[in-house]
Amino acid sequence: DAGVTQSPTHLIKTRGQHVTLRCSPISGHKSVSWYQQVLGQGPQFIFQYYEKEERGRGNFPDRFSARQFPNYSSELNVNALLLGDSALYLCASSLEDNTEAFFGQGTRLTVV
Amino acid sequence: AQSVTQLGSHVSVSEGALVLLRCNYSSSVPPYLFWYVQYPNQGLQLLLKYTTGATLVKGINGFEAEFKKSETSFHLTKPSAHMSDAAEYFCAVSDPEAGANNLFFGTGTRLTVIP
């Protein structure tokens, strides 16, 4: 069975640009969460979506947004990129709202 | 609000020695607690979790952790370290009301295993 898949795996963007990161959950999983992991630190919670509705939001600026599609895949969008947005972005999926989360390999975003 | 403190950003043990990685948490409600492992350039893999019930939790790869409410701790142990255990380990806490997907992570402990 395929696990959580994220695309692209690596990405380089320029300050001020916009980026879209994509996540496909494990088949049958209805919940998707996004995390930002800056080098040398633990992941920080950004968003959770369940059944296409936002269920939680971390302490991130409005430049960060996300959505979940009818097939439960998800996109994370970041506008007006800053150098500090350089990080590994992790997506996690779970069967229901409060069950175990399975993580993807992440997207490494570098902002120059 | 939830938070996690992992004591020791780097831990080195000899192969075959006891592994002890420390985690203390802060939570306004009885928490769910997790340990994840991360290998270089990879995502996170769940080692074990505590939700309710037995306070001694056994996980994969011979790891276990004990939930001690009085000490607000959830330390991770393994009796005998293996070279393949070298990785970054993260302790995490969540509010049961918010579910197992809104995780608050510690800053991680890098485990080195010396041959």
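Residues numbered from 1 in each chain as written. Chains lettered and ligands numbered in written order. Predicted model: local features only at pLDDT ≥ 70, side-chain atom pairs only at ≥ 80, totals over all residues. Heavy atoms only, no water.

Caption draft 1: How the structure looks around the sheet that holds strand β3 (residues 19–24) of chain A. All names here are of chain A. Read from one edge to the other, the open sheet built from four strands follows the order β1-β3-β8-β7, with strand pairing classed as antiparallel. Two strands bound the open sheet, and with one partner strand each, they are β1 (5–7) and β7 (64–68). Ignoring strand direction, the axes of neighbouring strands in this sheet form an average angle of 15°. Two strands pair when backbone bridges link them, and β3 and strand β8 (residues 74–78) are joined in this way by five bridges, in the antiparallel orientation. Among the inter-strand pairings, valine 19 is bridged to a residue of β8, identified as valine 78. (Pairing = 2+ DSSP bridges. Helix = DSSP H or I, 4+ residues; strand = E, 2+ residues; numbered from the N terminus. Axes fitted to C-alpha atoms, helices over the stretch in contact; angles between N-to-C directions.)

Caption draft 2: Spatial organisation of unusual backbone geometry. Residue serine 7 of chain A is joined to proline 8 of chain A through a cis peptide bond whose omega torsion reads -10°. Secondary-structure assignment places proline 8 of chain A in the loop between β1 and β2 (10–13). Of note in this structure, tyrosine 72 of chain A is not a glycine but carries a positive phi near 75°. Among the secondary structure elements, tyrosine 72 of chain A is positioned in the loop between β7 and β8. Phi at asparagine 61 of chain B is positive, roughly 60°, even though this residue is not glycine. The partly exposed category is assigned to asparagine 61 of chain B, whose relative accessible area is 43%. (Buried < 20%, exposed > 50% of the residue type's maximum accessible area, 1.4 Å probe, protein only.)

Caption draft 3: The pairing of strand β5 (residues 32–38) of chain B, seen in detail. Residues and elements named next belong to chain B. In terms of burial, β5 is largely enclosed, as seven of its seven residues are buried. Residues Tyr32, Phe34, Tyr36 and Gln38 line one face of β5 and the alternating positions Leu33, Trp35 and Val37 line the opposite face, and both faces are buried. In terms of strand pairing, β5 meets strand β10 (residues 87–94) through seven bridges, oriented antiparallel. In the strand pairing of β10, tyrosine 32 is matched with serine 94.

Caption draft 4: Main features of the layout of surface pockets. By volume, the largest pocket amounts to about 360 Å³. Its residues assigned to classes, the lining of the largest pocket comprises six nonpolar, ten polar and three charged. (1 Å grid on protein atoms, 1.4 Å probe; cavity = no way out; pocket = protein on both sides within 12 Å on 5 of 7 lines; lining within 4 Å. Points joined across faces, edges and corners; volume = space filled by probe spheres on them. Nonpolar A, V, L, I, M, F, W, Y, C, P; charged D, E, K, R; others polar.)

Caption draft 5: Examining the packing of aromatic side chains more closely. Residues and elements named next belong to chain A. Inspection of every chain in the model, using the stated rule, returns 13 aromatic pairs over all chains. Residues tyrosine 35 and phenylalanine 45 carry aromatic rings whose centres are separated by 5.7 Å and whose planes lie at 65° to one another, so their mutual orientation is edge-to-face. Of this pair, tyrosine 35 sits in strand β4 (residues 31–37) while phenylalanine 45 sits in strand β5 (residues 44–50), placing them ten residues apart in sequence. The residues tyrosine 35 and phenylalanine 45 share a single accessibility class, namely buried. (Phe/Tyr/Trp six-rings, centres within 6.5 Å; stacked < 30°, edge-to-face > 60°.)

Caption draft 6: Here's a closer look at the interface of chain B and chain A. Taken together, the contacts link 17 residues of chain B with 24 residues of chain A. When chain B packs against chain A, close to 1600 Å² is buried across both sides, 47% of that on carbon and sulfur atoms. The three residues of chain B that bury the most area against chain A are Leu44, Asn101 and Asn102 of chain B, which together make up 34% of that side's buried surface. At the surface where chain B touches chain A, the tally comes to three residue pairs in polar contact (both at pLDDT 80 or more). (Contact = heavy atoms within 4.5 Å. Buried area = accessible area lost by both parts, 1.4 Å probe. Polar contact = N/O pair within 3.5 Å; in protein donor to acceptor, adjacent residues only side chain to side chain.)

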